[in-house]
Amino acid sequence: MLLPSCLLALTFASIQVYAQLSLPSPPWLPANASAGAVATTGSNTSVPNEQWSTLLGDLLYFYEAQRSGKLPSNNRVSWRNDSATSDGSDVGLDLTGGYYDAGDYIKVSFPLSFTLNSICWGGIDFGMGYDLSNQTSYLDSMLRWGLDWLIKMHANTSTLYVEVADTGIDNAYWGGDQNIPGPRPSFQINDTSPGTDAAAGVSAAFASCSYLYYGGTLSPTTIGKSSVNSTAPASLKNTTYADTLLIHAVELYELAVNASGGMTLYQNSVPEVQDSYASSGYGDELVMAGLWLSLAVNAPQQYYYLAESYYSQFDLAGQNSVFNWDDKTAGTYILFAQMSFLGFEGAGNFSQWQTEAERYLDVVVNPSSSKGDASLTKGGLLYYSGDSNDASLNPALNAAMLLTRYAASGLCSSNDKKATYLSFAQSQLDYTLGNNPMFVPYIVGLHPNSPINPHSAMSSGGDDIGQIDTSPPLSQGNTYVLYGAVVGGPDRFDRFFDIRSDWVENEVALDYNAPMLTLTAMHIVTDGIDPYFTQVTVGANEKVKPKGQPCDDAIQDGCSGHRLSEGGEIALGVVLGVVGLVVVGLLAVWLWKLRSTGSFGGKA
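Residues numbered from 1 in each chain as written. Predicted model: local features only at pLDDT ≥ 70, side-chain atom pairs only at ≥ 80, totals over all residues. Heavy atoms only, no water.

Caption draft 1: Highlighting the sheet that holds strand 2 (residues 159-164). The antiparallel open sheet is built from three strands, whose spatial order is 1-2-3. At either margin of the open sheet sits one strand with a lone partner, and together these are strand 1 (107-108) and strand 3 (186-190). Across two bridges, strand 1 lies against strand 2 in antiparallel orientation. Among the inter-strand pairings, Val-108 is bridged to a residue of strand 2, identified as Glu-163. Those strands touched by helix 4 (residues 136-153) are strand 1 and strand 2, and its axis lies near 120 degrees from that of strand 2. (Pairing = 2+ DSSP bridges. Helix = DSSP H or I, 4+ residues; strand = E, 2+ residues; numbered from the N terminus. Contact = heavy atoms within 4.5 Å. Axes fitted to C-alpha atoms, helices over the stretch in contact; angles between N-to-C directions.)

Caption draft 2: Structural detail: the side chain of Ser-388. Relative to the helices and strands, Ser-388 resides in the loop between strand 5 (382-384) and helix 14 (393-408). The exposure class assigned to Ser-388 is buried, which follows from its relative accessible area of 1%. For Ser-388, the contacting residues outside a window of four places in its chain are Leu-382, Tyr-383 and Pro-395. (Buried < 20%, exposed > 50% of the residue type's maximum accessible area, 1.4 Å probe, protein only.)

Caption draft 3: A look at the pairing of strand 2. Across the six residues of strand 2, six count as buried, placing the element largely inside the fold. The pairing of strand 2 with strand 3 spans five bridges and is antiparallel. Within strand 3, the residue paired with Glu-163 across the bridge is Phe-187.

Caption draft 4: Fine view of the packing of aromatic side chains. One pass over the full model with this rule turns up 25 aromatic pairs. Aromatic side chains Tyr-310 and Phe-314 sit 6.2 Å apart centroid to centroid with 40 degrees between the ring planes, which places their arrangement in the tilted category. For Phe-314, a relative accessible area of 25% gives the class partly exposed. Ring centres of Tyr-442 and Phe-496 lie 5.0 Å apart, and the angle between their planes is 75 degrees; this geometry places the pair in the edge-to-face category. Of this pair, Tyr-442 sits in the loop between helix 15 (415-432) and helix 16 (457-460) while Phe-496 sits in the loop between helix 16 and helix 17 (503-506), placing them 54 residues apart in sequence. The exposure class assigned to Tyr-442 is buried, which follows from its relative accessible area of 0%. Three or more aromatic residues joined by ring pairs form one cluster here, namely Tyr-304, Tyr-311, Tyr-333, Phe-336, Trp-353 and Tyr-360. (Phe/Tyr/Trp six-rings, centres within 6.5 Å; stacked < 30°, edge-to-face > 60°.)

Caption draft 5: Representation of the state of the cysteines. According to the stated counting rule, one finds two disulfides in the structure shown. Across a sulfur-sulfur distance of 2.0 Å, Cys-120 and Cys-209 are joined as a disulfide pair. Torsion about the S-S bond of the Cys-120 and Cys-209 cystine: about 100 degrees, corresponding to right-handed handedness. Highlighted residues: Cys-120 in helix 2 (residues 109-126) and Cys-209 in helix 6 (residues 196-214), separated in sequence by 89 residues. On the accessibility criterion, Cys-209 (0% relative accessible area) is buried. Cys-551 shares a disulfide with Cys-559; S-S distance 2.1 Å. Taking the torsion about the S-S bond as the criterion, the Cys-551 to Cys-559 disulfide, at about 100 degrees, is right-handed. (Disulfide = S-S within 2.5 Å.)

Caption draft 6: Representation of the pattern of salt bridges within the structure. Taken as a whole and assessed by the stated rule, the structure comprises 12 salt bridges. Of the charged contacts in the structure, one is a salt bridge between Arg-144 and Asp-140, with a shortest N-O distance of 2.8 Å. Of this pair, Arg-144 and Asp-140 both sit in helix 4, four residues apart, which is roughly one turn of the helix. Of the residues examined, Asp-140 reaches a relative accessible area of 0% and is grouped as buried. One salt bridge in this structure joins Asp-491 and Arg-495, with 2.8 Å as the shortest N-O distance. The residues Asp-491 and Arg-495 share a single accessibility class, namely buried. One network of salt bridges, with partners in common, ties together Asp-87, Lys-107 and Arg-184. (Salt bridge = Lys/Arg side-chain N within 4 Å of Asp/Glu carboxyl O.)

Caption draft 7: Up close: helix 4. With 18 residues, helix 4 extends 26 Å between its outermost C-alpha atoms, agreeing within 8% with the 26 Å of an ideal straight helix rising 1.5 Å per residue. The element helix 4 is largely enclosed, with a buried count of 15 among its 18 residues. (Expected span 1.5 Å × (residues − 1).)

Caption draft 8: Local environment of the packing of helix 2 against helix 14. Between helix 2 and helix 14, the least distance of the axes is 11 Å, while the angle of their chain directions is 30 degrees. Of the possible angle classes, the one that applies to helix 2 and helix 14 is roughly parallel. Of the two elements, helix 2 crosses helix 14, and the hand of that crossing is left-handed. On the side of helix 2, the interface is formed by Phe-114, Ser-118, Trp-121, Gly-122, Asp-125 and Phe-126, while helix 14 contributes Asn-398, Met-401, Thr-404, Arg-405 and Ala-408. Here the contact of helix 2 with helix 14 is built from residues that sort into five nonpolar, four polar and two charged. (Parallel < 35°, antiparallel > 145°, perpendicular 65-115°, else oblique. Left-handed = near helix turned anticlockwise from the far one by under 90°. Nonpolar A, V, L, I, M, F, W, Y, C, P; charged D, E, K, R; others polar.)

Caption draft 9: View of helix 6. Over its 19 residues, helix 6 extends 26 Å from the first C-alpha to the last, a length consistent with the 27 Å expected when each residue adds 1.5 Å. Backbone geometry just after helix 6 places Gly-215 at a positive phi near 90 degrees.

Caption draft 10: The arrangement of unusual backbone geometry in detail. Following Ser-25, the chain continues into Pro-26 via a peptide bond in cis, with omega recorded as 0 degrees. By the element assignment, Pro-26 lies in the segment before helix 1 (50-65). Cis geometry is adopted by the peptide bond preceding Pro-183, which originates at Gly-182 and carries an omega value of 0 degrees. Its identity is not glycine, yet Ala-84 carries a phi of approximately 50 degrees, on the positive side.

Given below as structure tokens:
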């Protein structure tokens, strides 16, 4: 596979990147949580709505709090410090920067690539929301902090570093960002020890963000109240930076497809990622990267045909899997449909992709048709057995994002279907923003009822892993407010305990915020009405807060009594099934003996 002719003149040595957009002075800062309980709409229903704009700013601010490396002079998070400033020294490289992936201090390329891909896709579809809320420069800053680190991680054409830090060492530490323990080893994939999924995933991130910085578009429709095109890309066009990203995208796709070591999961080459972000397959990444490359290069057909070929080879049609950092299949349905609808060169038949996309989305809005894979909690949250167990909000928000993107792009086969998709997506968004049995907006610092104990070592203020829930006390909350962080979410009974050590319900992560950014950007353009959290009564959460302890992978103290964990219920079902078979067998033997001795009381 060759570099497109438009890029042949560029090399690693000659790349010069134009500076990012200037940040506001004074800087934008999050409002106190009390402001989230104040309605701003009144008689004014114009866009942008102040509360939607605040939410977008908070969500971006979270990423700034997750930064690693030497922080810039315009850093807005006063309690953060320079950290992990020798990352990469073990391999003679500068791998500083990037983002800590969740509530700890590891840095991993694979889930970050999904996060950046998702946010850039949202910028292409609903980028005007960033412009209207004056957050485009912060979007630019957020993207570059991640993309520039991935450029460092792509050390040469055939090498990609996939993780920095040892998961075991990291999990044993609870404390601030100035005493992060070492060593922090660097792990790579390369031509002879490949990782098809990781290489293709990072390629997709580079290609999609390149398309955003080129000023590309996917959806020309105008929706909602805005007089501007709601789906115009954010105004951060920079062709030099786009060229840089595209070079890395092309070279990593080459590594994914043609590595001499063949195609394989990246944990086969780097076993250390098995306990953090192991992958379940790579066909979806190959398709996703191929599609984005076909959009970003001037000679798209070769990549589009590869995407179609891998789509068939890996049997991606007909799946109902969750859209997340590990499985991008559902996203390929939507992207195929967007491209074919707009007639991009090489794109296939629109009706084919419309049918496949709507097959998937119809199951999302009617989870009872998923044959047990998904259901709605009593409170109305879309819940996927297995995938939702360790972070219930993320699968639902990603589904809402895909529904919104598809409907807003004018792809629906009927107006009724469009209304259904948008209504269901809104229900999942509203649930996250406080329309739930706990009366909790699940975003830190947004509202007085928001979680106050996110599972975040750096924001907790504690330094004893044995005292996570007592130092500081849970009633006091974390020492520092991690504004804009979307937490894991409630259990399948809609219960939320707000316990710091419960990483299932309370951990934060880079990918948790991504769909909320896209959904919020869309609402800034289309919705003049306040988001749901302004309606939530302050203190209502305290009246319904569950007693006792949760029952999940982090805390099992609540698993006794009338509620078993899902694993416990499955185990109980297996036991009861086996016992039932034994009883039936014994009964059959007894009846046979009765019949053989004529003891039924009938005619002799």
